[in-house]
Amino acid sequence: MERIDKILSHHGFGSRKDVKKLLRDERVTVNGKFVYDSGFQLDIENDVVCVDKEEIRLQHDLYIMMNKCQDVVCANKDGEHQTVFDLLDESLKHKFLGGDLHCMGRLDIDTEGLLILTTDGKLTHRLLSPKTHAPKTYAVGLRDSLTEEEKQNYTEKFSKGFWIDREGNENGFDAKPAEIKFEVSSEQLAVSSCESSQGSGENTRHIDCLLKIYEGKFHQVKRMFAQLGNEVVYLKRVKMGNLELDPTIPLGGYRELSKEEIKLLSD
């Protein structure tokens, strides 16, 4: 149960003072009846709220799957670059009952793929906590092609974990064991061939391998391959935990998660 002024304020209808005026002007109904009391308690799961006869979708938390494109940053504001929040519809740019919309983890400006935006701070904390070791899988394109012997060497090194040198102000660290897969199926490749939201056609990239890591250090995937003398030239996150990127979402596009997908993300 939540107060109606709090709910409408968080759903983009202005301050609580603005909501009081809406109520006085008989513009708000609950289950077909006008409500005048700003402290009226709503059941957000069952009550039907209308403003100016238009039903308002009530929800506590929001979960969005975005197929992040390159050249946008995972930040609320940036003076130089477009942000992932700039890609969202105006109807989503307001406070929610569960809190502010935020990125569940970040992707570099030149990294594409699965990005979750949510208001669920508890779920974000649990999935990003170092204690959870929630896996993240990336499709990787490399500068240098590998022989079968080199692939075997990579597989052994990643499976055991290895030291990563310092980068700038970021300390070096012992990377935990990771899983690398060089045999990539056509279904897995589909995530790197989505139509751009700008209508520029297919954006097919060369993928050399899939890499699953269980931590999230600064530039980790790029630094791991650099430590082995190679360079990542294309990077796309395709999976977080048990949730896979929907390959039908165009680059720069997004949609809300289904209940089943939220459960996958939570498991």
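Residues numbered from 1 in each chain as written. Predicted model: local features only at pLDDT ≥ 70, side-chain atom pairs only at ≥ 80, totals over all residues. Heavy atoms only, no water.

A few points about the overall build of the chain
Working step 1: The helix and strand tally for the chain stands at seven helices and 19 strands.
Working step 2: Taking the principal axes of the C-alpha coordinates as reference, the chain spans close to 75 × 40 × 35 Å.
Working step 3: The 267 residues of the chain split such that 45% are buried.
Working step 4: Sequence-distant contacts in the chain: of pairs separated by 6 or more residues, those separated by 24 or more amount to 66%.
Working step 5: As presented, the chain carries roughly 14,500 Å² of accessible surface, and 47% of it is formed by carbon and sulfur atoms. (Helix = DSSP H or I, 4+ residues; strand = E, 2+ residues; numbered from the N terminus. Buried < 20%, exposed > 50% of the residue type's maximum accessible area, 1.4 Å probe, protein only. Contact = heavy atoms within 4.5 Å. Areas by Shrake-Rupley, 256 points an atom, 1.4 Å probe, with all protein chains shown as cover.)

A closer look at helix α2 (residues 16–24)
Along an α-helix, residues three or four apart share an orientation, since each turn contains 3.6 residues.
Working step 1: Among the residues of α2, V19, L22 and L23 are the ones counted as buried. Seen from one end, α2 has its buried residues packed into an arc of 100°, which puts them on one side. Projecting away from the buried face of α2 at angles above 90 degrees are the exposed residues K17 and R24.
Working step 2: In this structure, the buried side of α2 is in contact with α1 (4–10) and β2 (28–30).
Working step 3: Directly after α2, the chain includes E26, whose backbone phi takes a positive value near 55°. (Arc of directions from axis to C-beta.)

Examining unusual backbone geometry
Working step 1: Although it is not a glycine, E26 adopts a positive phi angle of roughly 55°.
Working step 2: If you trace the backbone, E26 turns up in the loop between α2 and β2.
Working step 3: Phi angles above zero are rare outside glycine, and H133 is one such case at about 55°.
Working step 4: Among the structural elements, H133 can be located in the loop between α3 (121–128) and β12 (136–142).

With respect to the pairing of strand β17 (residues 232–240)
Look at any regular strand and the pattern is simple: side chains alternate between the two faces of the sheet.
Working step 1: Where burial is concerned, most of β17 is hidden: seven out of the nine residues are buried.
Working step 2: Of the pairings in the sheet, the one linking strand β11 (residues 112–118) to β17 comprises two bridges and is parallel in character. Looking across to β17, one finds that E112 is bridged to K236.
Working step 3: With seven bridges connecting them, β12 and β17 associate as antiparallel partners. Across the sheet, the residue bridging to G141 is Y234, located in β17. (Pairing = 2+ DSSP bridges.)

What to know about the confidence of the model for the chain
Working step 1: Across the chain, the average pLDDT comes to 89, with 91% of residues at 70 or higher.
Working step 2: Across residues 194–202 the pLDDT falls below 50, and counting only partners more than four positions away or on other chains, this stretch makes 20 contacts in the model. (pLDDT = per-residue confidence, 0-100.)

A word on the sheet that holds strand β5 (residues 49–51)
Working step 1: What the four strands build is an open sheet, ordered β3-β2-β5-β6; its pairing is antiparallel. The sheet terminates laterally at β3 (33–34) and β6 (54–56), the two strands that pair on one side only.
Working step 2: Two elements, β5 and β6, share three bridges in a ladder whose sense is antiparallel. Residue pairing in the sheet places V49 in a bridge with I56 of β6.

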